[in-house]
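Descriptive structure summary
Read off the chains here:
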Amino acid sequence: MSNKKASIEFDGKSLELDTIVGTENEIGIDITSLRAKTGMITLDPGYGNTGSCTSDITFIDGEKGILRHRGYAIEDLAANSTFVETAFLVLYGHLPSEIELATFEEELSEHSSLHYGLKHHFDGFPENAPPMAVLSAMLNTLACYNTELLTTATEGPGFTVPTMKILSKVRAISAWAYRSSVGKPFMPPRPDLSYTGNFLHMMFSDTFKPYEVLPEVERAMDLFFVLHADHEQNCSTSTVRLVGSSRASLFTSVAAGVGALWGPLHGGANAEVIKMLTNIHENGIDPKEYVEQAKDKNSNVKLMGFGHRVYKSFDPRAKILKEQVDIVLKAMNIEDPLLDIAKELEEMARSDSYFVERNLYPNVDFYSGILLRAIGIPVDMFTVLFAIGRMPGWIANWREMHVQNMRINRPRQVYTGASLRPYTPMGER
Ligand code: CMC
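Residues numbered from 1 in each chain as written. Predicted model: local features only at pLDDT ≥ 70, side-chain atom pairs only at ≥ 80, totals over all residues. Heavy atoms only, no water.

Looking at the sheet that holds strand β1 (residues 2-10)
- Spatial ordering of the open sheet is given by β1-β2-β3, a layout of three strands whose pairing is antiparallel. Every interior strand has two partners, whereas the edge strands, β1 and β3 (27-29), have only one. Neighbour to neighbour, the strand axes of the sheet diverge by 35° on average, direction disregarded.
- Two elements, strand β2 (residues 13-21) and β3, share three bridges in a ladder whose sense is antiparallel. Following the sheet pairing, V21 is matched in β3 by I27. (Pairing = 2+ DSSP bridges. Helix = DSSP H or I, 4+ residues; strand = E, 2+ residues; numbered from the N terminus. Axes fitted to C-alpha atoms, helices over the stretch in contact; angles between N-to-C directions.)

Here's what the structure looks like:
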């Protein structure tokens, strides 16, 4: 708490409210006593001005384009860390020692395969089942095979076992969802490979032909996961917290997070960007005309991969990914016409007053699709990869909420419907 107070005046009465100042000097007005003392609530559709919690995990300054996990700059982590190390950092608050990292990696390996019973569930999905639906369903199915772990423990095996199972098995579930959709046999995990190498192996190896991964590709894929590891109280993380606040298990809370991430305004945007670029390319649309359509509110067209609720300058993750795209395309000797279109769209939008005035910059999804496409990831798997990357952030937020013994999340509303009226019998309606 800070010793500065805020006050609200209404109908000649005034209420003094406490304020809280965060580590980076963000100020929040604490309104927890508002309704009890005044009978009033606040109204903030879309929660643009509402802090739902205090958190030690991730700091974003959207005006300055800053993203830090546990105090470490995303640029620093991207240059020096791996996804497994960053996941540990996000979960436990500090960079792991050598022993901690080795144990963490060992536990991930230990939990990498799927229970035999789970394999049959994949056969039950239709061929064209969206992989995000499969992922969410299978995370809930994991709960069915681990009923002893449906707790809200935040320490000890009650927390670490479900955490390691989810972090590790999410790769096999995702890879197998893909393989069953293309009629390929499941590929068992290989404990000798890195976290990311193992995922690529389960996606792309064939029985007699192991997938040979270029070091640049493995690094870029790992970096993609690092860049998605957490992003404070976004739509899916807030969903995980909301579901978890009812004391639902970690399995079902992260399964709900997958559902929230799926939408095109959130994680689904990475697939939408590629669909947009492909549409422009294949139908010979002039990028200038497309930008004009995106500015027209009646067109229902948006420049996908642009804009962000929090970033009002460059999304630092987009900058890092843009560099990686060039590195991977060069290493794989690929020229992608969609990259040229993306760069052209970015250039146009960055000098167009509509985008400049609204501070609309490329976000993490703008270039990530081109990277994933080059690696050979099918478009409908893009958001699944976002979910794999976001898993440590969801779990860390779920844990923090329980460590803080958070109340059940239950927003209020201002009712605007009909007042009390008598029931009308059928013949009189
Ligand atoms: N193309 C054209 N206009 C846009 C766009 C866009 N991509 N994004 C925002 N605007 C306009 C919007 O119409 C509004 O204009 P006006 O003030 O005239 O009404 C203004 O910019 C402010 O936008 P908003 O819709 O109030 O912003 P929001 O904070 O509610 O929504 C957003 C943020 C990310 C949902 C939105 O920018 C968007 O739909 N972008 C495209 C989808 C996308 O790329 N999503 C990925 C987000 S990053 C990954 C993640 O973490 O989810």
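Re the nonpolar core
- L139, M276 and L277 are the most contacted members of the largest nonpolar core, which totals 112 residues.
- Here this core gathers at least three residues from each of two domains, domain 2 (81-215 + 232-261 + 382-403) and domain 3 (269-375). (Core = buried A, V, L, I, M, F, W, Y, C linked by side-chain atoms within 4.5 Å. Buried < 20%, exposed > 50% of the residue type's maximum accessible area, 1.4 Å probe, protein only. Domains from an automatic or database assignment.)

Topic: helix α3 (residues 83-92)
- When you tally the buried positions in α3, you get nine out of ten residues, the bulk of the element.
- Every buried residue belonging to α3 is among F83, V84, E85, T86, A87, F88, L89, V90 and L91, and all of these are buried.
- With its phi angle positive at about 90°, G93 sits one or two positions after the end of α3.

With respect to the side chain of E85
- Looking at the secondary structure, you find E85 in helix α3.
- The side chain of E85 sits in the buried core without any salt bridge; R219 is the nearest counter-charge, 9.1 Å away.
- Look past the residues within four positions of E85 in its chain and what remains in contact with it is N80, L95, P96 and L101. (Lys, Arg positive; Asp, Glu negative; His and termini not counted. Salt bridge = Lys/Arg side-chain N within 4 Å of Asp/Glu carboxyl O. Contact = heavy atoms within 4.5 Å.)

Quick word on the layout of surface pockets
- In this structure, the second largest pocket spans a volume of roughly 260 Å³.
- Taken together, 18 residues make up the lining of the second largest pocket; nearest its centre are V84, E105, L193, S194 and Y195.
- At the level of secondary structure, the elements contributing two or more residues to the lining of the second largest pocket comprise α3, α4 (98-110), α8 (195-204) and α9 (215-227).
- Ranked by the residues each element gives to the lining of the second largest pocket, the list is headed by α4, at four residues.
- Here the lining of the second largest pocket is composed, by residue class, of seven nonpolar, six polar and five charged. (1 Å grid on protein atoms, 1.4 Å probe; cavity = no way out; pocket = protein on both sides within 12 Å on 5 of 7 lines; lining within 4 Å. Points joined across faces, edges and corners; volume = space filled by probe spheres on them. Nonpolar A, V, L, I, M, F, W, Y, C, P; charged D, E, K, R; others polar.)

Brief notes about a nonpolar patch on the surface
- A cluster of nonpolar side chains, contributed by I41, L43 and V414, occupies part of the molecular surface with about 270 Å² of accessible area.
- What makes I41 partly exposed here is its relative accessible area of 31%. (Patch = residues over 30% accessible without salt bridge, like charges linked within 9 Å, V, L, I, M, F, W, Y side chains within 5 Å. Areas by Shrake-Rupley, 256 points an atom, 1.4 Å probe, with all protein chains shown as cover.)

A few points about the pairing of strand β4 (residues 58-61)
- Side chains of β4 alternate between two faces, with T58 and I60 and F59 and D61 buried alike.
- Between β4 and strand β5 (residues 66-69), which pair antiparallel and follow one another directly, the connecting turn spans four residues, one of which, G65, has a positive phi of 70°.

So, the environment of K184
- Relative to the helices and strands, K184 is located in the loop between α7 (156-181) and α8.
- For K184, a relative accessible area of 31% translates into the label partly exposed.
- Along the primary structure K184 and R429 are separated by 245 residues, whereas in three dimensions their C-alpha atoms are 58 Å apart.
- Sequence-distant contacts of K184, that is, excluding residues within four places in its chain, are made with R179 and D206.

Describing the domain arrangement of the chain
- Splitting the chain by domain gives domain 1 (5-66), domain 2 (81-215 + 232-261 + 382-403) and domain 3 (269-375).
- For domain 1 and domain 2, the distance between their C-alpha centroids amounts to 34 Å.
- Contacts between domain 1 and domain 2 engage eight residues on the former and seven residues on the latter.
- Buried area between domain 1 and domain 2, both sides added, is near 590 Å², and the carbon and sulfur share of it is 56%.
- Among the residues domain 1 hides against domain 2, the three largest losses belong to C53, I57 and T58. Together they make up 64% of the total.
- For the pair domain 1 and domain 2, the number of links is zero salt bridges.
- Across the side of domain 1 that touches domain 2, the residue classes break down as three nonpolar, four polar and one charged. (Buried area = accessible area lost by both parts, 1.4 Å probe.)

Describing the sheet that holds strand β6 (residues 72-73)
- The three strands are arranged β4-β5-β6 in an open sheet whose pairing can be described as antiparallel. If you trace the sheet from one side to the other, it starts and ends with β4 and β6, each paired once.
- Pairing of β4 with β5, which is carried by four bridges, proceeds in the antiparallel orientation. When the bridges of β5 are listed, F59 appears paired with R68.

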